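The lines below spell out each chain.
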Amino acid sequence: MPRVVTANVLRTGAVVYLREDGTWVPNLSEATAAETSDAFSRLETLALTAVQSSDVTAVYAFDVAIVDGRPEPISVREKIRAAGAPTV
């Protein structure tokens, strides 16, 4: 199953999603969905670098479905986060 890496911007708390070029974007539709273990390993490495440089915090991956070529959240929690609503 494809996976997307998400985090929160350390300074603002904003939800962001990782792209394969190492940038963090606010829209899930712009994120890179890793469909292989090698692709996911590359995303993990990029995410670790961002954590070490104190750019983001609370990094984790979640499963997505690919709909019309874009990642869509499967879980209710990630649907809420992608819509910009807090989950606490």
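Please read these numbers as outputs of a predicted model, since none were measured by experiment.

Quick notes on the sheet that holds strand E3 (residues 24-25)
Sheet architecture is open: 5 strands sit in the order E3-E2-E1-E4-E5, paired in antiparallel fashion. Every other strand in the sheet has two partners, leaving E3 and strand E5 (70-73) as the edge strands with one partner each. When strand E1 (residues 3-9) meets strand E4 (residues 56-67), the two strands line up antiparallel, connected through 6 bridges. In the strand pairing of E4, Val4 is matched with Phe62.

Digging into the packing of aromatic side chains
By the definition in use, this model includes 2 aromatic pairs. Residues Tyr17 and Phe62 carry aromatic rings whose centres are separated by 6.3 Å and whose planes lie at 65° to one another, so their mutual orientation is edge-to-face. In this pair, Tyr17 is assigned in strand E2 (residues 15-18) and Phe62 in strand E4, connecting sequence segments 45 residues apart. Using a relative accessible area of 7% as the deciding quantity, one classes Phe62 as buried. On the basis of an interplanar angle of 55° and a centroid distance of 6.5 Å, the ring pair of Tyr60 and Phe62 is categorised as tilted. Taken together, the aromatic side chains of Tyr17, Tyr60 and Phe62 make up a single cluster linked through ring pairs. Looking at Arg3, its charged tip hangs above the ring of Phe40, at a distance of 4.7 Å from the centre.

Each value, and the rule that gives it
- Residues numbered from 1 in each chain as written.
- Predicted model: local features only at pLDDT ≥ 70, side-chain atom pairs only at ≥ 80, totals over all residues.
- Heavy atoms only, no water.
- Pairing = 2+ DSSP bridges.
- Helix = DSSP H or I, 4+ residues; strand = E, 2+ residues; numbered from the N terminus.
- Phe/Tyr/Trp six-rings, centres within 6.5 Å; stacked < 30°, edge-to-face > 60°.
- Buried < 20%, exposed > 50% of the residue type's maximum accessible area, 1.4 Å probe, protein only.
- Lys NZ or Arg CZ within 6 Å of the ring centre and 35° of its normal.

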